[in-house]
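Notes for the structure review
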Amino acid sequence: ESGYYTAAVGKWHLGENVKDRFDSVFEANDTGFQLPGLDNKANSKMVDAKNISGCEAWVPVLKNRPKDKPFFMWFAALDPHRNYKEGSFNPPHRHSDIIVPPYIPDVPQVREDFRLYYDEIGRLDYYVGRVIKELKAQGVADNTVIIFMSDNGRPFPRDKTSLYDGGIKTPFIVNWPARIEEGQVSKSLVSAVDIAPTILDLAGLEAGGTFEGISFAEILEDPEVEINEYVFGEDHWHNYEDHARSIANQGYKLIKNTYNDLPATPAADIGKGLTWKAILTLKKAGKLTDAQQACFNSPRPK
């Protein structure tokens, strides 16, 4: 309504009912991404099954936008979702590049799983670079705000679907050459619910009363500003039923597990990966540490 051209391009995760909220939706073909047995219908206008990252149409949509309007683009990737395949990135990462967290066993299978994961992140970074290059070619890079983020933590055991930092602390970079000094870091607590109010704020618009978050635009001017004393997290259902809540400040996090009688089973996509298979083998051999046993513990602490 305020005159912006809006487009969503790539992975679509919002259902059918809100597609008319964008001027254009170019949905990636997610065949092979969804779990077996689910509806894998392709709804692609610009992306075919050979292009599996979901990023291939980003630059074409940017090129074809109306040049007489400001724009809002939601560029979404299937990378780095599972399943992983060889050849995502060239040159590929090496096993020696990998940093394995202590709650996951450091064995060759795990390093191979992480290597393929790193490669998909590399492919995603490549497409982000192409977008920035196109913005520069159009002469609009300086006054375009880019928010680079992930919707959840990495798809590995004890990360995705957990309320530990590996599950809910995600990449978050804001780039705006005209306004943000390069290389700054803020330790302020920001939540996903703050993103939409911030975008509206930067566009000179007010967020309505239904928005739960608050704008973090002040942080972009001064990294020392803190807008949230606390941030909250929730885990409800993702392939397996669960119910957990978290609250965190700068020093501490409290997690409440309602279904503490159930183990912290990871998401189904994780169960197909090399890391989970390695963990099951090591568990059978009694070679997991206490931390690496976390997904099997029952009951969990309340």
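Residues numbered from 1 in each chain as written. Predicted model: local features only at pLDDT ≥ 70, side-chain atom pairs only at ≥ 80, totals over all residues. Heavy atoms only, no water.

This part covers empty space enclosed by the protein. Counting across every chain of the model gives one cavity of 30 Å³ or more. Tyr103, Pro157, Arg158, Ile279, Ala291, Gln292, Ala294 and Cys295 together form the lining of the largest cavity. In terms of residue class, the lining of the largest cavity is built from six nonpolar, one polar and one charged. (1 Å grid on protein atoms, 1.4 Å probe; cavity = no way out; pocket = protein on both sides within 12 Å on 5 of 7 lines; lining within 4 Å. Points joined across faces, edges and corners; volume = space filled by probe spheres on them. Nonpolar A, V, L, I, M, F, W, Y, C, P; charged D, E, K, R; others polar.)

Summed over the entire model, instances satisfying the criterion amount to 19 salt bridges. As a salt-bridge pair, Asp151 and Lys11 come within 3.5 Å of each other at their nearest N and O atoms. Placement of the pair is Asp151 in the loop between strand E4 (146–149) and helix H3 (165–168) and Lys11 in the loop between strand E1 (5–10) and strand E2 (24–27), with a sequence separation of 140 residues. For Lys11, a relative accessible area of 12% gives the class buried. Across the pair Glu221 and Arg179 runs a salt bridge whose closest N-O atoms are separated by 2.7 Å. Residue Glu221 is located in helix H5 (residues 217–221), and its partner Arg179 is located in the loop between strand E5 (172–175) and helix H4 (195–202); the two are separated by 42 residues in the primary sequence. Among the charged side chains, a salt-bridge network with shared partners connects Glu86, Glu112, Arg115 and Asp119. (Salt bridge = Lys/Arg side-chain N within 4 Å of Asp/Glu carboxyl O. Helix = DSSP H or I, 4+ residues; strand = E, 2+ residues; numbered from the N terminus. Buried < 20%, exposed > 50% of the residue type's maximum accessible area, 1.4 Å probe, protein only.)

The next subject is the side chain of Ser188. Relative to the helices and strands, Ser188 is located in the loop between E5 and H4. Among the polar contacts listed, one links the side chain of Ser188 to the side chain of Ser186, at a separation of 3.1 Å. Here Val225 takes part through its backbone oxygen, which lies 2.3 Å from a polar atom of the side chain of Ser188. Not counting chain neighbours up to four residues away, the residues in contact with Ser188 comprise Ile219, Pro223, Val225, Glu226 and Gln250. (Polar contact = N/O pair within 3.5 Å; in protein donor to acceptor, adjacent residues only side chain to side chain. Contact = heavy atoms within 4.5 Å.)

Further remarks concern unusual backbone geometry. At the junction of Arg82 and Asn83, the peptide bond is cis and its omega measures out at 10° in the coordinates. Here the residue pair Asn90 and Pro91 is connected by a cis peptide bond, since its omega of 0° sits within 30 degrees of zero. Checked against the element boundaries, Pro91 lands in the loop between strand E3 (71–76) and helix H2 (108–137). Its identity is not glycine, yet Thr161 carries a phi of approximately 80°, on the positive side. Positionally, Thr161 belongs in the loop between E4 and H3. Among the residues examined, Thr161 registers a relative accessible area of 23% and is labelled partly exposed. Although it is not a glycine, Asn239 adopts a positive phi angle of roughly 75°. Tracing the backbone shows Asn239 in the loop between strand E6 (231–238) and strand E7 (240–248). Among the residues examined, Asn239 registers a relative accessible area of 27% and is labelled partly exposed.

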